Amino acid sequence: MAFALAAAMLTNSSAQPAGDPALMAAVRKFEMAIQQKNVPAALGSWHFDDAEKRAAEEGALRGVFSSRQVTLVSEPPAFTSDGQTAVTLGTLAQISEPRGAVEQWSLLWKKRPEGWQIEGRQTFGGIDGLVHLLLQPTGFIANGQSIELEDFTLKMVEGTIFLNTQEAGPTSLVFVGKGHVTFKPRPRTERGQMKIFAKSEILEDEVTRAFLRLHPADLYRTLRPGTFTDDPKSAERLGKANDYFERHKADAFVLDAAIPGAPWWLLPSLGDAAIAFETKRFGSLTLSLSSFEEEGVSLFNRSTQRQIVVYPRAASTAASNNDTGPIDVVNHELTMSLNPETYDIVGRDIITLDLRSTVTSFRFHLDNDLQVRSVRSLEGGRHLFFRVRGQNSVLVSMGSLTGRLGKLNLVVDYAGRLPAGTVESEVIHVGQDLAADDPQTFFIDPALIYSRRNAFYPQLGDEDYSTSTLSVTVPSDWNVVAGGVRADKTEKGQRTISYRQAKDGKYIAFVAARLL
């Protein structure tokens with residue numbers, strides 16, 4: 001009952017900015033006890049009904065304090081109407097280098113004659129598997145070994161392999177030496193793109209350095225034959241390995257979060273990987289394999305900042321129309337305010353989800369130029385979320401709803417400046433026969449296009465069809481065109497155009513322009 005009250009308060013109540021000074025002092029005192037790993041001081045913030053509950057909490061705290069560094073940062077409290085009960089939501093970080101984890105704590109506080117005390121604690125699902133990447137100073141002989149990924153092979157003729165320190169598991173590999181890379185895109189159309197770039201449908205070149213990120217369990221499936229014999233020449237190549245490692249370790253799987261020790265690196269999912277490799281003819285290229293992206297195979301030229309090829313993974317192609325994932329998107333209720341002159345966007349998307357199987361966390365796409373202000377649900381209140389650097393995605397913890405099945409109404413608030421795609425302006429010259437005495441040039445006003453290429457709203461599934469309502473507010477002399485049943489209203493110099501799409505659609509897109 002206590003935690004049902006807490007959840008309701010976090011969902012429906014607003015935090016009081018001024019708060020209660022006595023409560024704020026109690027919260028800070030408890031946070032300090034956590035940071036100092038002081039069990040008696042932390043237990044002193046509690047009110048226990050019996051010795052059994054005290055012993056249970058003491059055991060839980062000692063487990064938390066087994067980490068080398070512990071911090072708790074709490075948000076402003078939410079109060080009941082009588083001001084006698086409050087809930088604080090906090091982020092607990094546990095660090096034992098090079099590993100880390102974060103989770104949410106919801107604390108139920110009650111005002112007693114002796115002061116504010118904790119009545120109960122609920123621990124939500126968080127994010128574990130965070131690592132700091134460090135390179136081992138000793139390496140292994142690379143001669144005759146290969147790195148084999150989807151459509152990609154790097155044969156290492158001669159050189160040294162360096163792994164990250166093993167406390168984090170083998171999730172990073174650096175190669176220095178002489179090698180040969182072969183990459184043949186599976187789709188025929190992408191081979192055409194490759195031919196434009198490399199003058200051949202197959203990318204083949206010499207490689208001198210490479211940096212690989214992968215899940216530790218994938219190491220022996222990726223590195224063939226996967227032998228580790230100490231290389232007496234590793235000291236000669238360590239400097240080049242460290243240089244390439246430092247240059248590329250932030251390219252992928254980096255978590256942007258305001259938590260101690262940031263930045264942290266995520267362990268890639270099984271089957272996902274990213275490899276940066278230095279070629280003789282084409283400079284530094286990066287191949288990414290992602291099970292999260294619809295087009296999960298991507299080759300990028302970092303020297304020119306150019307996307308070379310991008311296409312779906314072989315496994316995802318077979319299942320592209322198989323809507324059997326753990327989360328089904330049922331409906332988007334998307335409300336946006338757009339300034340066409342500056343591309344400023346303020347948006348809110350209420351996403352109805354159907355949880356088909358239990359998950360502890362999930363991701364959604366949103367362009368990196370858009371800042372997420374909050375993620376919450378009508379059922380569970382606020383959710384812990386983090387940006388994944390360079391992947392236009394946000395990682396969300398299910399929190400108190402871990403293990404839940406059925407409907408979930410997720411509310412994502414975001415804002416930022418996101419330039420749109422444009423229809424190229426055309427110039428019409430009026431012929432002499434139409435205006436011989438006054439020739440003119442007419443310019444067509446640009447139209448702004450927001451489509452799936454922009455990730456201008458949270459997108460959870462690339463192959464997930466859903467209904468939607470789109471409402472866009474623009475200046476009164478602008479118009480918006482999208483699919484569905486249209487509604488339009490203008491007031492105070494602003495025009496809001498809505499489109500209700502009752503049929504399931506794959507994605508939302510619209511055009512904004514000065515149109516009649």
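Residues numbered from 1 in each chain as written. Predicted model: local features only at pLDDT ≥ 70, side-chain atom pairs only at ≥ 80, totals over all residues. Heavy atoms only, no water.

Peer 1: How do you make sense of the overall build of the protein chain when you look at a structure like this?
Peer 2: Across its full length, the protein chain carries nine helices and 35 strands. Here the protein chain holds 516 residues, and the buried ones make up 49% of them. Total accessible area computed for the protein chain in this model is approximately 24,300 Å², and 51% of it derives from carbon and sulfur atoms. (Helix = DSSP H or I, 4+ residues; strand = E, 2+ residues; numbered from the N terminus. Buried < 20%, exposed > 50% of the residue type's maximum accessible area, 1.4 Å probe, protein only. Areas by Shrake-Rupley, 256 points an atom, 1.4 Å probe, with all protein chains shown as cover.)

Peer 1: What should I look at first to understand the packing of aromatic side chains in this one?
Peer 2: Geometrically, a pair of aromatic rings is defined through the distance of the ring centres and the angle of the planes. One pass over the full model with this rule turns up 12 aromatic pairs. A ring pair is formed by Phe197 and Phe282, whose centres lie 4.9 Å apart and whose planes are at 35°; its orientation type is tilted. Taken together, the residues Phe197 in helix 5 (residues 188–198) and Phe282 in the loop between strand 15 (273–279) and strand 16 (283–289) connect sequence positions 85 residues apart. Of the two residues, Phe197 and Phe282, both sit in the buried class. A centroid spacing of 6.0 Å and a plane angle of 85° characterise the contact between Tyr220 and Phe228, whose relative ring orientation is edge-to-face. The exposed category is assigned to Tyr220, whose relative accessible area is 54%. These aromatic residues form a ring-pair network of at least three members: Tyr450, Phe456, Tyr457 and Phe510. (Phe/Tyr/Trp six-rings, centres within 6.5 Å; stacked < 30°, edge-to-face > 60°.)

Peer 1: Would you mind going over helix 7 (residues 234–248) with me for this structure?
Peer 2: Along an α-helix, residues three or four positions apart point the same way, because every turn accommodates 3.6 residues. Its 15 residues place the ends of helix 7 20 Å apart at the C-alpha level, agreeing with the 21 Å of an ideal helix rising 1.5 Å per residue. A bend of about 30° at Lys240 is the largest found in helix 7. Turning to helix 7, its buried residues number three or more, namely Ser234, Arg237, Ala241, Tyr244, Phe245 and His248. For helix 7, the secondary structure elements touched by its buried residues are strand 9 (152–163), strand 10 (172–183), strand 11 (203–214), strand 15 and strand 16. (Expected span 1.5 Å × (residues − 1). Bend = angle between axes of the 7 residues up to and from the residue. Contact = heavy atoms within 4.5 Å.)

Peer 1: I keep staring at the sheet that holds strand 26 (residues 406–417) and nothing clicks. Help me out?
Peer 2: Paired through their backbone hydrogen bonds, the strands of a sheet run either parallel or antiparallel. With mixed pairing, the eight strands of this open sheet are ordered in space as 23-22-26-20-19-31-34-33. Each of the sheet's edge strands pairs with one partner strand only, and the pair in question is strand 23 (381–382) and strand 33 (485–491). Across seven bridges, the pairing between strand 33 and strand 34 (residues 494–505) is antiparallel. Bridging across to strand 34, Arg486 finds its partner in Tyr499. (Pairing = 2+ DSSP bridges.)

Peer 1: So what exactly am I meant to see when it comes to the side chain of His132 here?
Peer 2: Tracing the sequence through the fold places His132 in the loop between strand 6 (127–131) and strand 7 (140–141). According to the relative accessible area criterion, His132 is buried, its value standing at 13%. A polar contact is formed between the side chain of His132 and the backbone oxygen of Pro263, at a distance of 3.2 Å. His132 has contacts with Glu97, Pro98, Gly261, Pro263, Trp264 and Trp265, leaving out every residue within four places of it along the chain. (Polar contact = N/O pair within 3.5 Å; in protein donor to acceptor, adjacent residues only side chain to side chain.)

Peer 1: Got a minute to help me understand the pattern of salt bridges in this structure?
Peer 2: Enumeration according to the criterion identifies 28 salt bridges in this entry. In this structure, Glu57 and Arg121 form a salt bridge, with 3.0 Å as the shortest nitrogen-oxygen distance. Of this pair, Glu57 sits in helix 4 (residues 51–64) while Arg121 is found in strand 5 (residues 115–123), placing the two residues 64 residues apart along the sequence. Each member of the pair, Glu57 as well as Arg121, is classed as buried. One continuous salt-bridge network, built from bridges that share partners, spans Glu150, Asp151, Arg186, Asp272 and Arg313. (Salt bridge = Lys/Arg side-chain N within 4 Å of Asp/Glu carboxyl O.)

Peer 1: How should I be thinking about the nonpolar core in this particular structure?
Peer 2: Side chains of a nonpolar character, in soluble globular proteins, are inclined to be buried together. Phe364, Tyr414, Tyr450, Phe456 and Phe510 are the most contacted members of the largest nonpolar core, which totals 41 residues. By residue number, the principal contributor to this core is strand 19 (residues 327–339), which donates five residues. Among the nonpolar cores identified, the runner-up in size contains 35 residues, and Phe197, Val207, Ile275 and Leu285 belong to it. (Core = buried A, V, L, I, M, F, W, Y, C linked by side-chain atoms within 4.5 Å.)

Peer 1: In this structure, what is going on with the side chain of Ser172? I would like to understand it.
Peer 2: The topology assignment puts Ser172 in strand 10. Leaving out residues up to four positions away in the same chain, Ser172 has contacts with Leu133, Phe162, Leu163, Asn164, Phe211, Leu212, Arg213 and Phe245.

Peer 1: Whenever I open this one, the pairing of strand 19 confuses me. Can you help?
Peer 2: Consecutive side chains along a regular strand alternate between the two faces of the sheet. Of the strand pairs in this sheet, strand 19 and strand 20 (residues 344–355) are connected by 12 bridges, and their pairing is antiparallel. Its bridge partner lying in strand 20, Leu338 is registered against Ile345. Hairpin connection, strand 19 to strand 20: the antiparallel pair is bridged by four residues, and Tyr343 has positive phi, about 65°. The sheet contact formed by strand 19 and strand 31 (residues 466–475) spans seven bridges and is parallel. Across the sheet, residue Thr335 finds its bridge partner in strand 31, namely Ser471.

Peer 1: Would you explain the environment of Thr227 in this entry?
Peer 2: Within the fold, Thr227 resides in the loop between strand 12 (223–224) and helix 7. Given a relative accessible area of 39%, Thr227 falls into the partly exposed group. Taking C-alpha positions, Thr227 is 10.0 Å from Gly144, a pair spaced 83 residues apart along the chain. Setting aside its immediate chain neighbours within four residues, Thr227 contacts Ile141 and Gln145.

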